[in-house]
Amino acid sequence: MAGSGKRAYETDVVVVGSGAGALTAAVRARDLGLEVLVIEKTGQYGGSSAMSGGVLWLPNSPLVAGAGGSDSAEEGKRYMKSVIDEPHLDKRIDAYVEQIPAFIDFLHRSTHLRLAPLPQFPDMYPDNPDAKMHRCHEAVPFHARALPADEVLNLRPQHPQTALFGLIGWTPSESLILQARGEGWLKVAFSMVARYLLDIPWRLRSRRDRRLVLGGALVGALRHSMLDRGVPLWLNSPFEDFIEEDGRVAGVLARHDGVRARIRARKGVILAAGGFEKNNALRQQYLDQPTDAAWTAGSPGNTGDTIAAATRLGAKLEFMAEGWWGPTFLVPGEPQARMLIIEKNLPGSIIVNKLGQRFVNESSSYTKVTRGLFAANKPGAESIPAYMIFDATYRQRYPIGPMLPSTFQPDFAVPGAIKKAIPSAMDIRELARKLGVDPEGLAATVSRFNGFARSGKDEEFQRGDANYDRYYGDQSVGPNSCLGPIEKAPFYGVKIYPGELGTKGGFAVDENARVLREDGSVIEGLFAIGNCSSPVTGTTYPASGSTLGPAMVFGYVAANCIASA
């Protein structure tokens, strides 16, 4: 990198942000002969990607056939266009699906990242004729012994809910076995703990698990690939503004080591700075109400810093009212909310409003459940917050947030702050009073629901009928893996909020990830990917991994576009 003074820098491409999409763009651009600099606002790299479940949704993946499935570009496009129903996104959808084989080939040929399909992991619209079961992909675990120690410690940690005891990383398959106590769960748990403890040299230095999984595997493997290429990553270097020259974006102004840096980009700037979920002012401006930054599971650095600067350039914003929605709950002492992904599907639980009434299929996708929270929220029958209710049988079998099953962590061993957040009572009406829920309403709802649980048929909301519902159910429970009676004291409850993995709206972009103005013209030199860009999925959530898949693919596309200019 050529320097022109201590506070002035020049390179070909500046990438703002350090999530999986950002690092994909950086590695691809370097492989195409471009000089690259990645800047990260916080003291840890990886953003929401590193904290995430690490699943990529990749229709038209060439890896699917090897996992026993089938897919094609035509089926992927039809599925997306039919569920998204936003014709102005069609060109971007085409580009996304068509680029996936080349994107995967690039990763497997040129980086340390390896992907594998997740068999039986369904699309979220399973009744669609073009829905599939193999489009979701996970990162193969990556051992961080390949990284320098400071790179391991500077990697943003997994979200606590994606790790055993909040420490030991698990893959999607391992999490399903452990949370539902599936066949062989004790062996899985023992091997994970043993592997963690036997990494003795590292245990003497840190509690961090060097076996990286989920989003940590994505980011760790890509960071290793960057280090191979000598691509610099600046931490503690927040974006401040754009540099404009002759009507195009020619770089950025940032803070680096506490000093303002002028970074000129000869070829382009790629924004991969995440959403605005941690900015309450922007949440109040754009999102459905009520809303609060405390309810998000997103990265603490995601405060929408690029929005004001890009709109001064005339950039168009799209889908700003949208989020990657999911019901969340708050754990005392944790900076991010926890999302209910598996817990809400397991038998022996329901979600109710202030009147103690159910209002949604609890086992449907986390997006649909959260939209249900908003839709049902009415004066006198508030569903924000809502309440997840479960009994001693559920508590005995399954973890809930930081609480392990009671067979391993009985109530007397649960810290007081957690007990306060998840109160219990020996009577369902007494629990309702503790939660501020109508006691008779809750008692009636539980009685009616228990009848559905015994018959295996939810006559109100059809819980457990769809393939997606049952994927996260307990397969050892019948006749419906998502239904179980709530009848054994003590009873428990926890407040549920309309949260998200991150906000979804951002800068309108074309099929090459170039940022557009209100009139549809291109802002030369400026690209956007991930949660600071308009989602290729529109208002919908086609499948798990619809965040990371497009972020990484369009990072690859943006680098190709810059190199070909």
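Residues numbered from 1 in each chain as written. Predicted model: local features only at pLDDT ≥ 70, side-chain atom pairs only at ≥ 80, totals over all residues. Heavy atoms only, no water.

What follows is about the overall build of the chain. Within the chain, the regular secondary structure consists of 18 helices and 24 strands. Taking 565 residues into account, the globule formula puts the C-alpha radius of gyration at 24 Å, and the chain, at 23 Å, falls close to it. Burial status across the chain gives 61% buried among its 565 residues. For the chain, contacts bridging at least 24 residues in sequence account for 72% of all contacts bridging at least 6. Put simply, the chain has 62 plus and 60 minus side-chain charges, and the middle of one group is 5 Å from the middle of the other. (Helix = DSSP H or I, 4+ residues; strand = E, 2+ residues; numbered from the N terminus. Rg over C-alpha atoms; globule rule 2.2 N^0.38 Å. Buried < 20%, exposed > 50% of the residue type's maximum accessible area, 1.4 Å probe, protein only. Contact = heavy atoms within 4.5 Å. Lys, Arg positive; Asp, Glu negative; His and termini not counted. Charge placed at Lys NZ, Arg CZ, Asp CG, Glu CD.)

On to the packing of aromatic side chains. On inspection of all chains with the given rule, the structure shows 16 aromatic pairs. Between the aromatic rings of Trp324 and Tyr541, the centroid separation amounts to 5.1 Å while the plane-to-plane angle is 70°, which identifies the pairing as edge-to-face. Of this pair, Trp324 sits in strand S16 (residues 323–329) while Tyr541 sits in the loop between strand S24 (522–528) and helix H18 (548–564), placing them 217 residues apart in sequence. When sorted by exposure, Trp324 lands in the same class as Tyr541, which is buried. Plain terms: the ring middles of Tyr394 and Tyr398 are 5.0 Å apart, the flat faces sit at 70° to each other, and that makes the pair edge-to-face. Among the residues examined, Tyr394 registers a relative accessible area of 1% and is labelled buried. One aromatic cluster in this structure is built from Phe390, Tyr394, Tyr398 and Tyr492. (Phe/Tyr/Trp six-rings, centres within 6.5 Å; stacked < 30°, edge-to-face > 60°.)

All right, on to the nonpolar core then. Counting 143 residues, the largest nonpolar core has Phe242 and Val269 as its most contacted members. Per element, the largest residue contribution to this core is ten residues, and it comes from H18. Residues contacting Val269, with those up to four places away along its chain left out, are Val14, Val16, Phe242, Val249, Gly251, Val252, Gly525, Leu526 and Phe527. The next biggest cluster of nonpolar side chains, apart from the first, holds 18 residues, and it includes Ile389, Ala425, Leu435 and Leu442. (Core = buried A, V, L, I, M, F, W, Y, C linked by side-chain atoms within 4.5 Å.)

This brings us to the environment of Ser175. Turning to its location among the elements, Ser175 is positioned in helix H6 (residues 172–179). With a relative accessible area of 8%, Ser175 lands in the buried category. A sequence separation of ten residues divides Ser175 from Trp185, and the C-alpha atoms of the two residues are 9.5 Å apart. Excluding residues that lie within four positions of it along the chain, Ser175 makes contacts with Trp170 and Ile342.

Whether parallel or antiparallel, the strands of a sheet pair through hydrogen bonds between backbone atoms. Read across the sheet, three strands follow the order S4-S6-S5 without closing on themselves; strand pairing throughout is antiparallel. What marks the edges here is a single partner per strand, and that holds for strand S4 (55–57) and strand S5 (115–117). In this sheet, neighbouring strand axes are inclined to one another by 35° on average, regardless of whether the strands run parallel or antiparallel. Two elements, S4 and strand S6 (residues 136–139), share three bridges in a ladder whose sense is antiparallel. Bridging across to S6, Val55 finds its partner in Glu138. (Pairing = 2+ DSSP bridges. Axes fitted to C-alpha atoms, helices over the stretch in contact; angles between N-to-C directions.)

On a regular strand, one side chain projects to one face of the sheet and the next to the other, so that they alternate. Burial of strand S19 (residues 386–390) is extensive: five of the five residues sit out of reach of the surface. Of the two faces of S19, the one carrying Ala386, Met388 and Phe390 and the one carrying Tyr387 and Ile389 are both buried. Judged from the four bridges that link them, strand S18 (residues 349–352) and S19 form a sheet pairing that is antiparallel. Paired with Ile350 across the bridge in S19 is Ile389. As judged from the five bridges shared by S19 and strand S21 (residues 491–503), these two strands associate in the antiparallel manner. In the strand pairing of S21, Tyr387 is matched with Lys495.

With that settled, the discussion passes to H18. Look at H18: 24 Å from first C-alpha to last across 17 residues, which is about the 24 Å you get at 1.5 Å a residue. For H18, the buried fraction is high: 14 of the 17 residues fall into the buried class. (Expected span 1.5 Å × (residues − 1).)

A side chain of one charge can pair with a side chain of the opposite charge when the charged atoms of the two come close. For the structure on display, the rule yields 35 salt bridges. Notably, a salt bridge pairs Lys81 with Asp94, separated by 2.8 Å at the nearest N-O pair. Within this pair, whereas Lys81 is found in helix H3 (residues 73–84), its partner Asp94 is found in helix H4 (residues 90–110), the two being separated by 13 residues in sequence. Residue Glu460 is joined to Arg358 by a salt bridge in which the shortest nitrogen-to-oxygen separation is 3.6 Å. Remark: Arg358 occurs in the loop between S18 and helix H12 (366–376) and Glu460 occurs in the loop between helix H16 (439–455) and helix H17 (467–471); sequence separation between them is 102 residues. Here Glu460 falls in the partly exposed class, since its relative accessible area comes to 36%. In this structure, a network of salt bridges that share partners links the residues Glu10, Asp12, Glu35, Glu245, Arg264 and Arg266. (Salt bridge = Lys/Arg side-chain N within 4 Å of Asp/Glu carboxyl O.)

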